[in-house]
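Take a look at the letters that make up each chain.
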Amino acid sequence: MARIPGLLLAAALLLPAVVAAQASQTADLDEVTVNGERVKVEALRRQIVQLEDQFYDRYNELNPIDDFDVHCIEEAKTGTRIIKRSCRAVYQERALAEEGQAAFKAFQRMHPQQGNKPLSDSGPPESATLVIQRRLPEYKKHLEEMTRKHPELAGLLEERGKLIEKYEAAQKKLLRAD
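Caption draft 1: Spatial organisation of the packing of helix 2 (residues 90–110) against helix 3 (residues 128–149). At a closest axis distance of 9 Å, the pairing of helix 2 and helix 3 adopts a crossing angle of 170°. Looking at the two axes, helix 2 sits roughly antiparallel to helix 3. Every pair of crossing elements has a handedness; the one defined by helix 2 and helix 3 is right-handed. Contacts between helix 2 and helix 3 involve Y91, Q92, A95, L96 and E99 from the former and A128, V131, I132, R135, L136 and Y139 from the latter. The residue inventory of the contact of helix 2 with helix 3, partitioned by class, reads 8 nonpolar, 1 polar and 2 charged.

Here's what the structure looks like:
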């Protein structure tokens, strides 16, 4: 009979450890589910990027205006390690490059190095944003016309739209699980 109180005491002392172990196992199972959702979201994101690449590759083949060809890159902006994907038309890339060159030349004018002749003043650089915005309506109109004219392009965009809906739903589900 003296053994029963001792066993009850041991059980009472061990019970919190058993409950904690069970909770830990449950948390591990939840984590596996969340990780599975993360994999699904990442796979959907990769599919979206793949469809964008297919669209722009085909668009560039069909497009007769070289300035409106589109190139996509993944880059980290200065001061960050976060890599972002961006797709730009050639005319947009050129405007950004020209703005950078003009800004560099303006800097050289203001700070000539010993032995170098100061550059002639060509005025302030034209803003790439203004150059891009000026041609944006023409570019958008051309992109829409090309998509209407070539059903395969429209099909790729529709497929991308459906994938984006799935991606956003999976992201919401993942955020709710966290």
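Past the structure itself, the notes keep going.
Caption draft 2: Representation of the nonpolar core within the structure. With 24 residues, the main nonpolar core has F55, Y59, Y91 and Y139 as its most contacted residues. For this core, the elements supplying multiple residues, two or more each, are helix 1 (3–62), helix 2, helix 3 and helix 4 (151–177). At 7 residues, the largest contribution of residues to this core is made by helix 1. Among all residues touching Y139, those that are not within four sequence positions of it are Y59, F68, V70, A89 and Y91.

Caption draft 3: Expanded view of the pairing of strand 2 (residues 83–89). Alignment of strand 1 (residues 70–76) against strand 2, held across 7 bridges, turns out to be antiparallel. What sits directly across from C72, in strand 2, is C87.

Caption draft 4: Just the pattern of salt bridges, in detail. Applying the stated criterion to the full structure yields 13 salt bridges. A cluster of three or more residues bridged by salt bridges with shared partners is formed by E52, D53, R85 and R160.

Caption draft 5: Focus on the state of the cysteines. Applying the stated criterion across every chain yields a total of 1 disulfide. The side chain of C72 participates in a disulfide bridge whose partner is C87; the two sulfur atoms lie 2.0 Å from each other. Sign of the S-S torsion, about 110° for the bond between C72 and C87, identifies this disulfide as right-handed. In this pair, C72 is assigned in strand 1 and C87 in strand 2, connecting sequence segments 15 residues apart. We classify C87 as partly exposed; its relative accessible area is 28%.

About the thresholds
- Note on numbering: residues in each chain are counted from 1, in written sequence order.
- Given that this is a predicted model, residues contribute local features only at a pLDDT of at least 70 and side-chain atom pairs are listed and counted only at 80 or more, while totals for whole chains, interfaces and linings are drawn from all residues.
- No hydrogens and no water enter the side-chain calculation; it runs on all heavy atoms of the structure.
- Here the axes come from fitting lines to C-alpha atoms, over the contacting stretch only for helices, and the angles between their N-to-C directions go from 0 to 180 degrees.
- Only runs of H or I of at least four residues qualify as helices and only runs of E of at least two qualify as strands under DSSP, and these elements are numbered from the N terminus.
- Reported orientations rely on four angle classes, namely roughly parallel under 35 degrees, roughly antiparallel over 145, roughly perpendicular from 65 to 115, and oblique for the rest.
- Handedness of each helix crossing follows the sense of rotation of the near helix against the far helix: counterclockwise by less than a right angle gives left-handed, clockwise gives right-handed.
- Contact criterion: two residues are considered in contact whenever any of their non-hydrogen atoms come within 4.5 Å of each other.
- Three residue categories are used. Nonpolar comprises Ala, Val, Leu, Ile, Met, Phe, Trp, Tyr, Cys and Pro, charged comprises Asp, Glu, Lys and Arg, and polar comprises the others, including Gly.
- We call a set of buried Ala, Val, Leu, Ile, Met, Phe, Trp, Tyr and Cys residues a nonpolar core when their side-chain atoms join them within 4.5 Å.
- Exposed residues in this analysis have more than 50% of their type's maximum accessible area, buried residues have under 20%, and partly exposed residues fall in between, with area computed by a 1.4 Å probe over protein chains only.
- Only strands joined by at least two bridges in the DSSP assignment are considered to pair.
- Any carboxyl oxygen of Asp or Glu within 4 Å of a side-chain nitrogen of Lys or Arg constitutes a salt bridge here.
- The disulfide criterion is simple: two cysteine sulfur atoms within 2.5 Å.

All we've got here are geometric facts, nothing functional implied.
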